Amino acid sequence: MKELKVKYFTNDIDHLACVPGSDWVDLRAAEEIVLKTGDYCLIPLGVAIALPEGYEAHVVPRSSTFKNYGILQTNSMGVVDGSYRGDNDQWRWPVYATRDVTIPKNSRICQFRIVENQPPLLFTVVEHLEDADRGGFGSTGK
């Protein structure tokens, strides 16, 4: 089991917890957020986390976030580097509002999982690849 040291920036949000049957951990809005259509915001998530050595965190929306709040994550998927682990390195979630919305404090809005860092890679230039072609981009499912 990996240990993650967590600093909370507020006592007004539920603490992080692993839910049986899920590989993802919910993150919460650390304050009430009021957005108008077209607004951009870095929503504070109320935590700083010291990830284990050799790991990074991937942050994505929860499946119900757009339906409930009409917000989109602006960078598709967030990556929290393992070196982002200082006392003031609060996690934030960049969003764009597609409608006027109020997100209550402590709302579960996104989720994360930790992933082992990619190993070092060596790129070798070749004239041909040995595997069979699949038909090009977008060719499956026809």
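Everything here concerns the structure above.
Residues numbered from 1 in each chain as written. Predicted model: local features only at pLDDT ≥ 70, side-chain atom pairs only at ≥ 80, totals over all residues. Heavy atoms only, no water.

Enquirer: How would you sum up the environment of Val25? Please name residues and give values.
Expert: Here Val25 shows up in strand E2 (residues 25-28). Given a relative accessible area of 10%, Val25 falls into the buried group. Taking the C-alpha atoms as reference points, Val25 and Gln111, separated by 86 residues in sequence, lie 5.2 Å from one another. The contact partners of Val25, leaving out residues within four places of it in the chain, are Leu16, Ala17, Cys18, Cys110, Gln111 and Phe112. (Helix = DSSP H or I, 4+ residues; strand = E, 2+ residues; numbered from the N terminus. Buried < 20%, exposed > 50% of the residue type's maximum accessible area, 1.4 Å probe, protein only. Contact = heavy atoms within 4.5 Å.)

Enquirer: How would you explain the pattern of salt bridges if you had to name every residue and give the values?
Expert: Under the criterion given, the structure shown has six salt bridges. Of the charged contacts, one joins Lys7 and Asp87 as a salt bridge, the two residues approaching to 3.6 Å between their closest N and O atoms. One end of the pair, Lys7, is in strand E1 (residues 5-8); the other, Asp87, is in the loop between strand E8 (78-80) and strand E9 (92-97), and 80 residues separate them in sequence. Judged by its relative accessible area of 28%, Lys7 falls in the partly exposed class. Note on Asp87: relative accessible area 54%, which makes it exposed. Arg113 is the partner of Asp23 in a salt bridge, and the nearest nitrogen-oxygen pair spans 3.5 Å. Of this pair, Asp23 sits in the loop between E1 and E2 while Arg113 sits in strand E11 (residues 108-116), and the two are 90 residues apart along the sequence. One salt-bridge network, in which partners are shared between bridges, spans Asp26, Arg62 and Arg108. (Salt bridge = Lys/Arg side-chain N within 4 Å of Asp/Glu carboxyl O.)

Enquirer: Tell me about the nonpolar core, residues and numbers included.
Expert: Within the largest apolar cluster, 25 residues are counted, with the highest numbers of intra-cluster contacts made by Leu35, Ile43, Ile71, Trp91, Trp93, Ile103 and Ile109. Where this core is concerned, the elements lending two or more residues are E2, strand E3 (33-35), strand E4 (40-44), strand E5 (47-50), strand E6 (55-61), E9, strand E10 (101-103) and E11. Every residue in contact with Trp93, bar those within four places of it in the chain, is listed here: Cys41, Leu42, Ile43, Leu45, Val59, Val60, Pro61, Thr65, Ile71, Gln73, Ile109 and Cys110. (Core = buried A, V, L, I, M, F, W, Y, C linked by side-chain atoms within 4.5 Å.)

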